[in-house]
Each structure stands twice: as structure tokens, then as C-alpha cells.
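Observations on chain architecture
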Amino acid sequence: MPLTVLDPTPALIVVDLQKGVGGPRLPFYSTVVENSALLAARFRAHGLPVVLVNVAGGAPGRTDDKQRRDGTRSPRAEDWTELLDELGAAEGDIRITKRTWGAFHGTGLAEALGARGVTQVVVTGVATSVGVESTARAAHEHGLHVVLAVDAMTDPRAEAHRNSLARIFPRLGETASTADVVAMLEARAVRAGEA
């Protein structure tokens, strides 16, 4: 379904676009970064909240995946958690560091958004089937309207990306392109007399 409306106070949530995650191994990564940066700039220009999320670890539970990688992971670079410069982080942005897949658990994000009157979130970032999907699920469970900017997200596994887009996201919210969201922001500003 296409994006139908932007609420009075939407927020942008950019998930895990940081120096230690992603890069050229991910399909369309440069486009994802470019589109996320564009959305962040437009949200800021309209005085709307921008949430920049980085990951600094993982949940401690045992998983098959952790057992497979045990001892095979090289040490993380010192700047691994730093957000990408392209995002143009601003002083007024909400900064969240997470240690689970999603941006809501144990971070205070729901409270920060609630304090700003946010009722809708636009979600971008990596990986589609992990950080983005988990954040979208939690946003939905918190009663927020969810918009997924599908050309501003990617996943190292193409089949997982496609599964999220086709089977999961339609149950969590609306999907849209970056251009769709920007056009709605601009149209809203014109109606409100901002432009």
C-alpha cells in the first residue's frame, strides 16, 4: 500500500547506519545512505524529530548463529559504533544506542517520542530483516503508525529483504519510497504555510 498520510508529528528513525555496519557488501548501500540522509535533512528542515540509532552489542542469549561465529569474528574497530558522517547528525537529533536488534527495547525511545507528541515513524536503515524490522515491529506494538521507506533500507540476504517487504511490512504499516515521503512533507508544509 502506498503512503496515505503523514501525521502532524512524524519522526524519522535511521537504524544502524554506522561505520561498523554495512558498507559495499550490502546491495544498494550507497543509495540507502543517500536516501536516509535526504530524509533526515528534510525532517530537520521541517522541525520534525530525527532519531539516529547505532548498535553497540547484542542480546546475551545463546543462538545457533553465535555458536557458528564463536571465535571467528575479528575485533571491532574503535570507530565501529560511530554514525556515518553522511547523516549530518545535528544537535537536536535523538541519539539511541541499542544492544538488541530493535531500537525500542531498553533505550527510552518510546518515551522520547511520546514526549514530542510523535504518533508516526518513518523507518530506514540496515538490515531490513533485523534492525529495521525489529524497530518497525516495536513501533507498531507501541501504537505508532509505521512507514517503511523501502528504498532507504537493505539487507545482506536478498531473500530476507524480499520477505520483510512482501510479507511482514504490510502487516506493520505502509511502505513508501523516499520521494513519496519527501513529497508528502513538502505538500504538508505548503498547506501549513511553511513554504
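All values derive from a computational prediction rather than experimental measurement.

Attention shifts here to the packing of helix H4 (residues 128-141) against helix H5 (residues 158-172). At a minimum axis distance of 11 Å, the contact between H4 and H5 shows a crossing angle of 5°. Regarding the angle of H4 to H5, the classification is roughly parallel. For the pair formed by H4 and H5, the contact residues are Thr128, Ser129, Val132, Glu133, Ala136, Arg137 and His140 on the first element and Ala160, His161, Ser164, Leu165, Ile168, Phe169, Arg171 and Leu172 on the second. Among the residues forming the contact of H4 with H5, the class breakdown is seven nonpolar, five polar and three charged.

What follows deals with the environment of Leu109. Relative to the assigned elements, Leu109 resides in helix H3 (residues 109-115). What makes Leu109 buried here is its relative accessible area of 0%. Considered as a pair, Leu109 and Arg95 are 14 residues apart in the sequence and their alpha carbons are 9.1 Å apart. Contact partners of Leu109, with chain neighbours within four places excluded, come to Ile13, Val51, Ile96, Ala103 and Phe104.

Below, the discussion takes up the side chain of Asp93. Within the secondary structure, Asp93 sits in the loop between helix H2 (64-69) and strand S3 (94-98). The class of Asp93 is buried, set by a relative accessible area of 10%. Not counting residues within four places of it along the chain, the set of residues in contact with Asp93 comprises Arg44, Val50 and Leu52.

Moving on, we come to the pattern of salt bridges. For the structure on display, the rule yields six salt bridges. Linking Glu186 and Arg42 is a salt bridge whose minimum nitrogen-to-oxygen distance equals 3.0 Å. With Glu186 in helix H6 (residues 178-192) and Arg42 in helix H1 (residues 29-45), this residue pair connects regions lying 144 residues apart in the sequence. When its relative accessible area of 28% is taken as the criterion, Glu186 is described as partly exposed. Arg42 gets classed as partly exposed once you look at its relative accessible area, which sits at 25%. Among the salt bridges present, the one from Arg44 reaches Asp93, with a minimum N-O distance of 2.7 Å. One end of the pair, Arg44, is in helix H1; the other, Asp93, is in the loop between H2 and S3, with 49 residues separating them in the sequence. Residue Arg44 is classed as partly exposed on the basis of its relative accessible area, which comes to 23%.

A separate point is the nonpolar core. Leu12, Leu17, Phe43, Leu87 and Val181 are the most contacted members of the largest nonpolar core, which totals 31 residues. Of all the secondary-structure elements, those providing two or more residues to this core are strand S1 (10-15), H1, strand S2 (50-55), strand S4 (120-126), strand S5 (145-154) and H6. Tallying contributions element by element places H1 first for this core, with seven residues. Each residue touching Phe43, except ones within four places of it in the same chain, is listed here: Pro10, Ala11, Leu12, Leu48, Pro49, Val50, Val122, Val181 and Leu185.

Counted residue by residue, S5 has seven buried out of 10 residues, so it is predominantly covered. When S4 meets S5, the two strands line up parallel, connected through six bridges. Residue pairing in the sheet places Gln120 in a bridge with His145 of S5. Read from S4 through H4 to S5, the crossover connection turns out right-handed. Here S5 runs beside strand S6 (residues 174-176); their pairing, made up of three bridges, is parallel. Looking across to S6, one finds that Val147 is bridged to Glu174. A crossover connection joins S5 to the parallel S6 through H5; in handedness this β-α-β unit is right-handed.

To continue, consider the sheet that holds S1. One open sheet holds the six strands; their spatial order is S3-S2-S1-S4-S5-S6, and the pairing between them is parallel. This sheet does not close on itself; its edge strands, each paired only once, are S3 and S6. Each strand axis lies, on average, 25° off the axis of its neighbour in the sheet, ignoring direction. Two strands pair when backbone bridges link them, and S2 and S3 are joined in this way by five bridges, in the parallel orientation. What sits directly across from Val51, in S3, is Ile94. Lying over the sheet, H5 contacts S5 and S6, oriented at roughly 165° with respect to S5.

Definitions and cut-offs
Residues numbered from 1 in each chain as written. Predicted model: local features only at pLDDT ≥ 70, side-chain atom pairs only at ≥ 80, totals over all residues. Heavy atoms only, no water. Axes fitted to C-alpha atoms, helices over the stretch in contact; angles between N-to-C directions. Helix = DSSP H or I, 4+ residues; strand = E, 2+ residues; numbered from the N terminus. Parallel < 35°, antiparallel > 145°, perpendicular 65-115°, else oblique. Contact = heavy atoms within 4.5 Å. Nonpolar A, V, L, I, M, F, W, Y, C, P; charged D, E, K, R; others polar. Buried < 20%, exposed > 50% of the residue type's maximum accessible area, 1.4 Å probe, protein only. Salt bridge = Lys/Arg side-chain N within 4 Å of Asp/Glu carboxyl O. Core = buried A, V, L, I, M, F, W, Y, C linked by side-chain atoms within 4.5 Å. Pairing = 2+ DSSP bridges. Right-handed = clockwise from strand over helix to strand, strands pointing away.

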